[in-house]
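# Tertiary structure, described
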Number of protein chains: 2
Amino acid sequence: MKDPLTIADWGEFGFIEALRQRLPEATDDLKLGIGDDAAWWSPLAGQGILTTTDMLVEGVHFDFEYTSAADLGYKSLAVNLSDLAAMGGSPSCVYLSLALPARLEKVWLESFVDAFLLLAKEYGVQLAGGDTVQADQMVISVTLCGLALKGKPILRGGALVGDDIYLSGSFGDSYLGLKLLQGDLQAPSALNESADFLKNRHLRPTPRVALGEMLAASGAVSAMLDVSDGVLADLGHLLTDSGGLGAELEVSRLPLSFAARDFFEADLVDYVALLAGGEDYELLFTASPKQRSKIETLAAKAVVELTRIGRITVAEGVFMLADGSRTALGARGGYDHFQHQGC
Amino acid sequence: MKDPLTIADWGEFGFIEALRQRLPEATDDLKLGIGDDAAWWSPLAGQGILTTTDMLVEGVHFDFEYTSAADLGYKSLAVNLSDLAAMGGSPSCVYLSLALPARLEKVWLESFVDAFLLLAKEYGVQLAGGDTVQADQMVISVTLCGLALKGKPILRGGALVGDDIYLSGSFGDSYLGLKLLQGDLQAPSALNESADFLKNRHLRPTPRVALGEMLAASGAVSAMLDVSDGVLADLGHLLTDSGGLGAELEVSRLPLSFAARDFFEADLVDYVALLAGGEDYELLFTASPKQRSKIETLAAKAVVELTRIGRITVAEGVFMLADGSRTALGARGGYDHFQHQGC
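Throughout what follows, the structure given in this document is the object of discussion. (Residues numbered from 1 in each chain as written. Chains lettered and ligands numbered in written order. Predicted model: local features only at pLDDT ≥ 70, side-chain atom pairs only at ≥ 80, totals over all residues.)

## A short note on the nonpolar core
Considering soluble globular proteins, one finds that nonpolar side chains tend to be buried as a cluster. Cut-off, in case you're wondering: Each nonpolar core consists of buried Ala, Val, Leu, Ile, Met, Phe, Trp, Tyr and Cys residues. Their C-beta atoms, within 7 Å, join them into a set. Field definition: a residue is buried when 20 or more other C-beta atoms are found within 10 Å of its C-beta, exposed when 12 or fewer are, and partly exposed for counts in between, with C-beta atoms placed from the backbone. Contact between two residues is assigned when their C-beta atoms, built from the backbone, lie within 7 Å.
By size, the foremost hydrophobic cluster in this structure holds 210 residues, and its most contacted members are Val94(A), Ala99(A), Val139(A), Val94(B), Ala99(B) and Val139(B). When neighbours within four sequence positions are excluded, Val139(B) is seen to be in contact with Ala99(A), Ala135(A), Val139(A), Met55(B), Val57(B) and Ala99(B).

## Here we look at the relation of the copies chain B and chain A
Quick note on the threshold: Least squares is the method for superposing the copies, and the C-alpha atoms it fits come from residues with pLDDT of at least 70 in both.
Placing chain B over chain A gives an RMSD of 0.0 Å and needs a rotation angle of 180°, together with 0.0 Å of translation along the axis. Here the copies are linked by what is in effect a two-fold axis. Residue by residue, 98% of the interface of chain B is reproduced at the interface of chain A, so both copies engage with the same surface.

## Considerations on the interface of chain B and chain A
Quick reminder of the rule: Helix and strand definitions follow DSSP, with helices as H or I runs of at least four residues and strands as E runs of at least two, each counted in order from the N terminus. Residues are grouped as follows: nonpolar covers Ala, Val, Leu, Ile, Met, Phe, Trp, Tyr, Cys and Pro; charged covers Asp, Glu, Lys and Arg; every other residue, Gly included, is treated as polar.
Across the contact, 64 residues belong to chain B and 63 residues belong to chain A. Contributions of two or more residues to the side of chain B that touches chain A are made by helix H1 (7-10), helix H2 (12-22), strand E2 (39-41), strand E3 (49-57), strand E4 (89-100), helix H4 (106-122), strand E5 (126-134) and strand E6 (139-148) of chain B. Among the elements that make up the side of chain B that touches chain A, the one with the highest residue count is E5(B) (nine residues). For the side of chain B that touches chain A, the residue count by class is 37 nonpolar, 17 polar and 10 charged.

## Quick notes on the pairing of strand E12 (residues 317-322) of chain B
Residue and element names in this part refer to chain B. The line we're drawing: Criterion used throughout: strands pair if DSSP finds at least two bridges between them.
With five bridges connecting them, strand E9 (residues 246-250) and E12 associate as parallel partners. For Glu248, the partnering residue across the bridge sits in E12 and is Phe319. Relative to strand E13 (residues 325-329), E12 runs antiparallel, the two sharing five bridges. Each bridged residue has a counterpart across the sheet, and for Met320 the counterpart in E13 is Thr327. The hairpin turn running from E12 into E13, its antiparallel successor, is two residues long, and Asp323 in that turn takes a positive phi close to 50°.

## Comments concerning the sheet that holds strand E10 (residues 283-287) of chain A
Residue and element names in this part refer to chain A. In plain terms, the rule: Between the N-to-C directions of two axes lies an angle of 0 to 180 degrees, each axis being a line fitted to C-alpha atoms and, for a helix, fitted only over the stretch in contact.
The seven strands are arranged E8-E10-E7-E11-E9-E12-E13 in an open sheet whose pairing can be described as mixed. Each end of this open sheet is capped by a strand with a single partner; those strands are strand E8 (221-226) and strand E13 (325-329). For this sheet, the mean inter-axis angle between neighbouring strands, taken without regard to orientation, is 25°. Strand direction decides the pairing type here: strand E7 (residues 164-168) and strand E11 (residues 306-313), joined by five bridges, are antiparallel. When the bridges of E11 are listed, Ile165 appears paired with Gly310.

So, in structure tokens, the structure goes:
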């Protein structure tokens, strides 16, 4: 095998691995660095300051053809809120850096900022700083800080064999929404309403902050992350970080939205594509079967549905259980920013 | 006057002002948001968590013609360290987000990261997270968190009439270095050594972290910022934020490096251009004349020279005192990322 020469060959995960190998041992105040949804810093003993950062690039993460300024302002904060939610954290301060083309219209930027600040207000987040620079291609970099309940976040690496696997909301909506927005999928006119729902799920994902906080407070959750790369890829991350475990998913339990079900029943998409599709920004978590009644009580209070979709196994790999059969699935759909195009 | 239509017309400062007007009142835990070198967040009473963020764009903030991967890795952290130094803060954790062209060579990125991490190690900073995405134009976004001594940073708005004005190191070196690197200024062969010094001052500025900490610990400083936009522009920020004051600078005291003096004496540059030139990353601060002996004691311990260059006046505007004359200077050189090109 030849030595990779460009970062496209190397890949994002190759780079991150090389970065990790270069890092000195963390000091005591940094409880968790690279690798989870957010970093965990404790400048004072018992303190859980969580920090997450995301970068969005024009033409890679968003397309002005179908993304309005307000959609983008909303989403650039929402994806970071989702990362904090995945740690069970409460968001506090946000830093917004923008690389903008000089020709950009003032009204566009005002609309972007208004949507960003409206969402910030809704979640009690304060814009505390940032930077604004000129560039040919728009790049948005958002860093969000928050606090972990009782100073201790929920990590992605805590799942145990036998744990139940749960998913909030539904999956694959954002994938379908993106296909519709890009024109790669045409909605039959009977499905126009479903199509609008799906597009909105792509453009305006709801960060599950209150749910994340509630799950953290319950003490019932063993591992959690948000679904940004796709259910399969993110489940893969959870399994790897939990020491190389496996999972069985019960197909009959997988929660499709009414809209995704419409497209599924019209044979316009299959389950695996929906499980591989990214950007749902739902929470995927695990809990011991002993916690089922507690989770059910929580689910009754949550504004979003919680579904038990499977369980953690000792055997590596992800399997689908349907009609008595057991089918192996690869970790298809792991999004790599340098080895795949689009999102 | 027509309504500005593009952000190039609007300008960075117009945008920031519009942003500020849109912000709700800060809650108690955010002591200081947009407007200083770093934000100041106190999740616990008396705590001073400082956060600063900078974005660097290929072709705007750096040019591969004369910037190596290692220079860029160094500088992208150094400018953030300088912002924390300007608050008197101690840096702790850093987040590095990179938008990279897919064609970029792996060895380039390794060299960038090695220089970034070497500087991080030197200043006791831990890389705690980030993001890596693909783009056509390289964009580097760095967010640095740290702690203020005794929970209270030094702000830029605390200068009082009669305060002395101090500057660390020298000024204008980075400006000359950039001109030399860009080929806009030719060094006579006798000045080759000076030219190398100046280019290095542009490519590898030394963040004055230990000095900032020492000044914060002394309790002697009334206002401080780092010189990124140029002495004149940054002094202007300090004066504005201190309630609209003025300043007198004594030309005979202004500290030129040996190298800048060489170029000055060869009539290749004037004082005002040096005062307007950006990116020195020295500390500019004020202190009551009562603190002179304390500052002198500190200066004797500091690794960089501290020079008293003038004093704060009640009359607005910046004046140069030389040979008994008093000349007004505008706030020339305030760098606006949308209204000026280059850096």
